[in-house]
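Given next are the chains, with one letter for each unit.
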Amino acid sequence: MAKISINLNTGTVDDKKDVVVGIDLGTTNSLVAVIDPDSKEPRAISQSDNKNVITPSVIYAQADHTFIVGEQAKRMLTKHPEKTVYSVKRLLGKSYNDVAEYTSEFGFKIIDEDTESLVKIRLGDRFYSPIELSAEILKELKASAEKELNQKVTKAVITVPAYFNDSQRQATRDAGKLAGLEVLRIVNEPTAASLAYGIGLDKSQQKVVAVYDLGGGTFDISILRIEDGIFEVLATNGNTFLGGDDFDRAIVNYWLNTAAIDADSLSASEVQEIRLLAETAKKQVCNGSAFVGNFVGKEVTLDLDVFDTLISDKVDETIRCCSNALKDSKVAIEDIEEVVMVGGSTRVPLVIDRVTKFFSSSNIDSSLNPDEIVALGAAIEADILAGNRRDLLLLDVTPLSLGIETLGGLMDVIIPRNSRVPFKAGRNYTTSIDGQVNLKISVFQGERDKVSENRKLAEFVLTNIPAMPAGFPKIEIAFILDADGILKVRAKELRSGVEQTIDVKPQYGLTDDEVEKRLLDSLTNAQKDLDYRVLHEAINESEYLIKSTLKFVENHKESLEESVLKEIDTLIKSLETSIDAKNKEQIQLSQDALNDFTKPYAEQMMDVTISDALRGKSIE
Ligand code: ADP
Ligand code: MG
């Protein structure tokens, strides 16, 4: 297994050491960092248009379909909430089902038709996937790095929360690819934070640490065991809706009460304005001075005592999470040697107090800038992967992604490239035809979204699946890659237990040059590939929607009025026309229209066919 280095400009193998950047793609803020060539220390890179190293993870869609990212976009939140996307990380790799409860919180529109497919965001007359929007943030960071380093940046390590699942990690990789970055590795945020403090760099070191990460909208506590330079996540806990934003909200509510302001009287932009003012007040009191300000002509104030009272319960909740994580990790609190403090909200004095009290026998690491730590650690990992640290040897990794073909000839990656071997991963699929008893499984290797552009490794048929309606069988496909690079693929229908396994040798017959060519192709074709994937996923969804709508009509013909049946027919026809035209925007709009129209009837009859929650991806 080889470690590949390609030069994007020339398309050739590169002997010269490329710069590899570390990126913290955060819910609230994002950063890029690099190892300084002179000092050999990691440092965060300033944005291209100002001195600030922090880029707010906010994306504003302009009328000409281009984007503004960062500080300037954050200011647009007050003026154009419907065109300004924040917290897109919450949506990454998620289906509408996953996020349904909190979509109303956003000022922008989230499309909700096919409940099991990945969410999309509607901005003006276009639809975007969270992958595309995250890519905009990454492009901005890439540009900042290129400007400051005065060289092309094409390689990165990107961090994700330890609890991110396979689909969220894949979405992060895809966003990187779309931004023109070869993602050498996805690293857990707590691992990166520990690396920033030098934990794990000494191979002989063996210890258990806790990483307490309180950001803008999320709280994560992770317990890690470090041994032989390997980070093992023993337990994670937290709350994906607890962070600095809640502190801001508590201040807003306090002000609305004390200044007797009616929340309902505020316009959408005033709501954003008071939120930003509360954040300013919070930072000021945490830095040691009381705050006096003005909102809609009324005086609003805040001091540290009041602030502590407002947030006390929230901080206690983080401590409860710590206690639960410890329980799950089966580690005694005295055995936690260090607690690494991460995230802007760990600047809050009450947070530091309570954490210090709880982990009373541990060393609290808070000397580094809590906003930057994750990016700094990512830069260290990037440096290791770039081969700049001879003392740290790299483990064997897979040179190309491995996956299977799904409906529409799409590549579904099961083991991403650069995964350490041995590696095991699996995912569930289903059938697309009623009564289907055989399922063909085609295994591919490569980075392209279209399987026809990748390399076919094997094909086999899972037979004797009991006849069930489409979407019912639960077929688990597991990829087990051993240390010698031999891949075992196992397909198992979980309801019946029918199972089949084959051995594949992914490496066979592929030279390093070929591997490099494939990597290069995947980067140069990233946008085209994504368009293809989005179009075909939309077509798959539409076909499923049409099928289930027809089924619904069939079952409820008597109770539906003639005019309703006619309208449904017209909407289906228009959806079919847009499918034929292969127009992604048109397909989305027609899907939306059909869904919006049928939803009330489906709900009325409590019919689950239209929004069948059980569906997984279908193979064919
Ligand atoms: P994320 O990891 O979610 O992207 P960050 O780690 O950047 O977020 O943390 C952002 C949060 O930190 C925001 O809620 C912000 O208000 C808060 N924050 C930043 N600086 C301070 C400060 N000096 N005092 C209190 N809170 C702060
Ligand atoms: Mg963070």
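What you see is a predicted model; the values in this text were computed from it and never measured.

Definitions and cut-offs
Residues numbered from 1 in each chain as written. Chains lettered and ligands numbered in written order. Predicted model: local features only at pLDDT ≥ 70, side-chain atom pairs only at ≥ 80, totals over all residues. Heavy atoms only, no water. Salt bridge = Lys/Arg side-chain N within 4 Å of Asp/Glu carboxyl O. Buried < 20%, exposed > 50% of the residue type's maximum accessible area, 1.4 Å probe, protein only. Core = buried A, V, L, I, M, F, W, Y, C linked by side-chain atoms within 4.5 Å. Helix = DSSP H or I, 4+ residues; strand = E, 2+ residues; numbered from the N terminus. Contact = heavy atoms within 4.5 Å. Pairing = 2+ DSSP bridges. Axes fitted to C-alpha atoms, helices over the stretch in contact; angles between N-to-C directions. Polar contact = N/O pair within 3.5 Å; in protein donor to acceptor, adjacent residues only side chain to side chain.

A. The pattern of salt bridges, seen in detail. As enumerated under the stated definition, the model contains 26 salt bridges in all. As a salt-bridge pair, Lys492 and Glu499 come within 4.0 Å of each other at their nearest N and O atoms. Overall, the relative accessible area of 27% leaves Lys492 in the partly exposed class. Beyond isolated ion pairs, a larger network of salt bridges with shared partners links Asp36, Arg43 and Glu148.

B. Layout of the nonpolar core. Counting 55 residues, the largest nonpolar core has Ile23, Phe108, Ile121, Leu123, Leu133 and Leu138 as the members making the most contacts within it. The element best represented in this core is helix H3 (residues 130–149), accounting for 8 residues. Setting aside residues up to four positions removed in sequence, Ile121 forms contacts with Val85, Val88, Leu91, Phe108, Lys109, Ile110, Arg126, Phe127, Tyr128, Pro130 and Leu133. Counting residues in hydrophobic clusters, the runner-up holds 43 residues, among them Val208, Ala210, Tyr212 and Leu256.

C. The arrangement of the sheet that holds strand S23 (residues 410–415) in detail. Across the sheet, which stays open at both edges, the 4 strands sit in the order S23-S22-S25-S26 with antiparallel pairing between neighbours. In this open sheet, the two edge strands, each paired with only one partner strand, are S23 and strand S26 (455–462). Ignoring which end each strand starts from, the neighbouring axes of this sheet average 30° apart. The pairing of strand S25 (residues 439–445) with S26 spans 7 bridges and is antiparallel. Considered in S26, the bridge of Phe444 is made with Lys456.

D. Spatial organisation of the side chain of Glu381. Relative to the helices and strands, Glu381 resides in helix H10 (residues 373–385). Of the polar contacts made by the side chain of Glu381, one reaches the side chain of Arg185; its length is 3.1 Å.

E. The pairing of strand S14 (residues 182–188), seen in detail. Along S14, 7 of the 7 residues are buried, which leaves the element largely enclosed by surrounding structure. Bridge count between strand S13 (residues 155–160) and S14: 6 bridges; the pairing is parallel. The residue bridging Val157 from the neighbouring strand is Arg185, located in S14.

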